[in-house]
Amino acid sequence: MTIAALHAARNVPRYTSYPTAPHFDAAIGADFYARWLAELPAASTLSLYIHVPFCTELCLYCGCHTKAVRRREPVERYAGRLVDEIGVIGAVAGRHRVVHLHWGGGTPSILKEAWLERITDKLVSTFDLSALKEHAIELDPRCVTQPLVRALAGIGINRASLGVQDFAPHVQQAIGRIQSYDVVARAAALLRESGIRYLNIDLMYGLPRQTTEDVIRSADLAVSLQPQRLALFGYAHVPWFKKHQRLIDISDLPSASTRVAQMEAAARVFSGHGYQPIGLDHFAKPDDELAVAARTGRLRRNFQGYTADPADALIGIGASAIGQLPQGFVQNEVDITGYSRLVETGHFATAKGIAFTGDDTLRAAIIERLMCDLAVDLERVGGESAAATRFESEIAGLAPLVQDGLVRIDGSRIVVSEAGRPFVRLVAAAFDKYLAASKTPHSAAV
Ligand code: SF4
């Protein structure tokens, strides 16, 4: 195994939050959430995330909170509960300004036009959406139709992410998701014709039966559709957590060194076409807001990944949705029935969370800068109290990465080299106080 493959095989969190979700505690429930919401200053801006945990069928690689449904009735019932929860939140939080709104899942378009409009109407009557900058939705290209895109444009969607993963038929067969290039190209064309100009395409490496040539070809085809952003995620094989992944034959998965080669090959394709690498796994056209934010130190990382979202608080709506407030994280009930029962009767659906300590906030800031900027100045983030001496053992833990040229320590500055970019999760992990005590298995670093 190469040195890179040895690092790549280590298991660490993705650091879309710190502390990470496995450390949320049931002691932080609805009372905390209600208090934290009520404490938000009136001028605080919000980012809203709406989770729709349904798909028409399950892809074998899926790591999301979702389930397959055939009937309309559970989807419609759930849509009504989303309206209920928006009312519960609005009654306590007040009419804040919303700057970002994101529909994710699952397949949010499964709600269909009428419910997308009804839920948006409820948001408009509850919050101030007049300064909404980005209104985004995750789409399954196979479900994109003319009436849907018309409705999406009608509710103000201005960015859509198309889930692709890989264009090769044998890979699509192995992951249980068949969609031709033409299907994706048609979805992109319909969206653009309707005025939804900003498109993202999500690809994956490390999939079963996927070769490096497949990854390169998929990267080329994705680029030919001219998206503003591309995401390249490493497949996380976590069958102990996502049982349907057991249907993937482990002998079909690429080795750690092939995963590194696949990731590097796709990154070369994107860079060759002028896309700017962003953090760990995103690429954007240089004039895209995400690229501008990355160049100017304003890039953020939250549960949806990288964002230029400047909001003061993230409000999660829907089963399993996570919120981030200045005081801590909260997560809703994952179970749809339990979630529905609570919000239908006018309650918050908070199941667990974590209240930040001062140390959490400092480490979260260090980890966020590392994940976003691939560099952090400990003194700049935390003042003298965060000077290198305080983190002596963390810095000592980076020695193997320093030796391999992936990280440089320069006084109170930690800088990840370009070669170290794919391993930035390992650098972040050195500052994760909870990781050593964690019993939760994580996915491979690359
Ligand atoms: S469409 Fe997306 S959310 Fe649904 S099962 Fe497939 S990968 Fe998961």
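Each remark here, short or long, concerns the structure printed above.
Residues numbered from 1 in each chain as written. Predicted model: local features only at pLDDT ≥ 70, side-chain atom pairs only at ≥ 80, totals over all residues. Heavy atoms only, no water.

1. Structural notes on the overall build of the protein
Thinking step 1. Helices and strands together make up the secondary structure of the protein, namely 16 helices and 19 strands.
Thinking step 2. A globule of 446 residues ought to have a C-alpha radius of gyration of about 22 Å, and the protein, at 21 Å, matches this closely.
Thinking step 3. Dimensions of the protein, computed from the C-alpha atoms along their principal axes, are close to 55 × 50 × 40 Å.
Thinking step 4. For the protein, the proportion of its 446 residues judged to be buried stands at 56%.
Thinking step 5. Sequence-distant contacts, at least 24 apart, represent 73% of the contacts inside the protein between residues at least 6 apart.
Thinking step 6. For the protein, the accessible surface area stands at approximately 18,100 Å², while carbon and sulfur atoms represent 53% of it.
Thinking step 7. In the protein, the 47 positive side-chain charges and the 47 negative ones have mean positions that sit 3 Å from each other. (Helix = DSSP H or I, 4+ residues; strand = E, 2+ residues; numbered from the N terminus. Rg over C-alpha atoms; globule rule 2.2 N^0.38 Å. Buried < 20%, exposed > 50% of the residue type's maximum accessible area, 1.4 Å probe, protein only. Contact = heavy atoms within 4.5 Å. Areas by Shrake-Rupley, 256 points an atom, 1.4 Å probe, with all protein chains shown as cover. Lys, Arg positive; Asp, Glu negative; His and termini not counted. Charge placed at Lys NZ, Arg CZ, Asp CG, Glu CD.)

2. Some points on the nonpolar core
Thinking step 1. Judged by nonpolar contacts, the single largest core of 121 residues is most densely connected at Trp-103, Ile-119, Phe-270 and Ile-414.
Thinking step 2. Counting residues per element, this core draws most heavily on helix α3 (residues 73-93), which supplies nine residues.
Thinking step 3. In this structure, Phe-270 is in contact with Leu-203, Ala-219, Val-223, Leu-230, Leu-232, Tyr-275 and Phe-283, ignoring residues within four places of it in sequence.
Thinking step 4. Counting 10 residues, the second largest nonpolar core, distinct from the first, contains Tyr-61, Val-171, Met-204 and Ile-248. (Core = buried A, V, L, I, M, F, W, Y, C linked by side-chain atoms within 4.5 Å.)

3. Regarding the pattern of salt bridges
Pairing between side chains of opposite charge can happen when their charged atoms approach one another.
Thinking step 1. Scanning the entire structure with this criterion turns up 22 salt bridges.
Thinking step 2. Between Glu-73 and Arg-71 there is a salt bridge, with its nearest N and O atoms 3.7 Å apart. (Salt bridge = Lys/Arg side-chain N within 4 Å of Asp/Glu carboxyl O.)

4. Thoughts on the side chain of Asn-302
Thinking step 1. Secondary-structure assignment places Asn-302 in strand β11 (residues 300-302).
Thinking step 2. A polar contact is formed between the side chain of Asn-302 and the backbone nitrogen of Gln-304, at a distance of 2.8 Å. (Polar contact = N/O pair within 3.5 Å; in protein donor to acceptor, adjacent residues only side chain to side chain.)

5. Some remarks on the sheet that holds strand β17 (residues 375-377)
Thinking step 1. Spatially, β17-β19-β18 is the arrangement adopted by the three strands of the open sheet, whose pairing is antiparallel. Strand pairing shows two members of the sheet lacking a second neighbour, β17 and β18 (407-410), which therefore form its edges. Sheet twist, expressed as the average angle between the axes of neighbouring strands with direction ignored, equals 10°.
Thinking step 2. The pairing of β17 with strand β19 (residues 413-416) spans three bridges and is classified as antiparallel. Among the inter-strand pairings, Ala-375 is bridged to a residue of β19, identified as Val-415.
Thinking step 3. Strands β17 and β19 of the sheet are contacted by helix α12 (residues 358-373), whose axis makes an angle of about 140° with β17. (Pairing = 2+ DSSP bridges. Axes fitted to C-alpha atoms, helices over the stretch in contact; angles between N-to-C directions.)

6. Digging into the environment of Trp-103
Thinking step 1. Within the fold, Trp-103 resides in strand β4 (residues 97-105).
Thinking step 2. Classification of Trp-103 as buried rests on a relative accessible area of 0%.
Thinking step 3. Here the alpha-carbon distance between Trp-103 and Arg-177, two residues 74 residues apart in the chain, equals 21 Å.

7. Side note on the side chain of His-244
Thinking step 1. Locating His-244 in the fold gives a position in the loop between β8 (229-234) and α9 (256-272).
Thinking step 2. Here the side chain of His-244 touches Cys-62 through a polar contact of 2.8 Å, landing on its backbone oxygen.
Thinking step 3. Contacts of His-244, omitting those with residues within four sequence positions, involve Leu-58, Cys-59, Leu-60 and Cys-62.

8. A short note on the environment of Leu-101
Thinking step 1. In this fold, Leu-101 is placed in strand β4.
Thinking step 2. The residues touching Leu-101, leaving out its near neighbours within four places in the chain, are Leu-48, Ile-50, Leu-123, Leu-129, Leu-132, Glu-134, His-135 and Ala-136.

9. Describing the packing of α3 against helix α11 (residues 336-344)
Thinking step 1. Following both chains from N to C, one finds α3 and α11 inclined at 45°, their axes separated by 9 Å at the closest point. Our classification of the angle between α3 and α11 gives oblique. Like other packed secondary-structure pairs, α3 and α11 cross with a definite hand, here left-handed. When α3 is examined against α11, the residues Tyr-78, Arg-81, Leu-82, Asp-84, Glu-85 and Val-88 are found in contact with a partner set consisting of Ile-336, Tyr-339, Ser-340, Val-343 and Glu-344.
Thinking step 2. Class assignment for the residues of the contact of α3 with α11 results in six nonpolar, one polar and four charged. (Parallel < 35°, antiparallel > 145°, perpendicular 65-115°, else oblique. Left-handed = near helix turned anticlockwise from the far one by under 90°. Nonpolar A, V, L, I, M, F, W, Y, C, P; charged D, E, K, R; others polar.)

10. What about the packing of α3 against helix α4 (residues 112-126)?
Between two packed helices, both the angle of their axes relative to each other and the distance between the axes serve to describe the pair.
Thinking step 1. Between α3 and α4, the least distance of the axes is 10 Å, while the angle of their chain directions is 5°. Relative to α4, the element α3 is oriented roughly parallel. Facing α3, whose interface residues are Glu-76, Ala-79, Gly-80, Leu-82, Val-83, Ile-86, Gly-87 and Gly-90, α4 presents Trp-115, Ile-119, Lys-122, Leu-123 and Thr-126.
Thinking step 2. A per-class count over the contact of α3 with α4 returns seven nonpolar, four polar and two charged.

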